[in-house]
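# Topology and contacts: notes
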Amino acid sequence: MASSCKHLARPSATVTARLLDPTRWRCDTCHSTDGVWVCLGCGFAGCSREATSSVGGGHALHHHVTVTEAQCKGSCVLDVVSQHCHCYECDDYVIDTPAWLSVLRSKIEG
């Protein structure tokens, strides 16, 4: 696990609103509610395992691989259930906890 990640950035208010609304925790592509990861850069929600795609992962990974930087500058995703943060650029889980991430996790739990 990476102790810090230079790609981890505070999500916008729109992305935060999606993370705080459990009714929106479903894959934007296949609508699965299993293993949903939300992109902290743009708010795209993708499944991690349920989908089959040509890149070998679910729709969350597919989003990261296919989206352009003009569409989304984010590399980190947050699992809405476990609240684990993963960076696709570092290819690792992120364990550093900036204050904003601790607050966001507390709000999601609540």
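In what follows, the structure referred to is the one given above.
Residues numbered from 1 in each chain as written. Predicted model: local features only at pLDDT ≥ 70, side-chain atom pairs only at ≥ 80, totals over all residues. Heavy atoms only, no water.

### What to know about the overall build of the protein chain
From N to C terminus, the protein chain includes three helices and five strands. Every one of the 110 residues in the protein chain was classed for burial, and the buried ones make up 44%. (Helix = DSSP H or I, 4+ residues; strand = E, 2+ residues; numbered from the N terminus. Buried < 20%, exposed > 50% of the residue type's maximum accessible area, 1.4 Å probe, protein only.)

### Points about the environment of Ala-13
You can see Ala-13 is positioned in helix α1 (residues 13-19). Residue classification places Ala-13 among the exposed residues on the basis of a relative accessible area of 65%.

### Focus on the pattern of salt bridges
In a structure, side chains of opposite charge can pair up when their charged atoms sit close to one another. On inspection of all chains with the given rule, the structure shows one salt bridge. The partner of Arg-18 in a salt bridge is Asp-28, and the shortest N-O contact between them spans 2.6 Å. Residue Arg-18 is located in helix α1, and its partner Asp-28 is located in the loop between α1 and β1 (36-39); the two are separated by 10 residues in the primary sequence. Judged by its relative accessible area of 33%, Asp-28 falls in the partly exposed class. (Salt bridge = Lys/Arg side-chain N within 4 Å of Asp/Glu carboxyl O.)

### Section: the side chain of Arg-18
On the basis of relative accessibility, which here comes to 9%, the residue Arg-18 falls in the buried class. If we ignore the near neighbours within four places in the chain, the residues touching Arg-18 are Arg-24, Trp-25, Arg-26, Asp-28, Gly-43, Phe-44 and Ala-45. (Contact = heavy atoms within 4.5 Å.)

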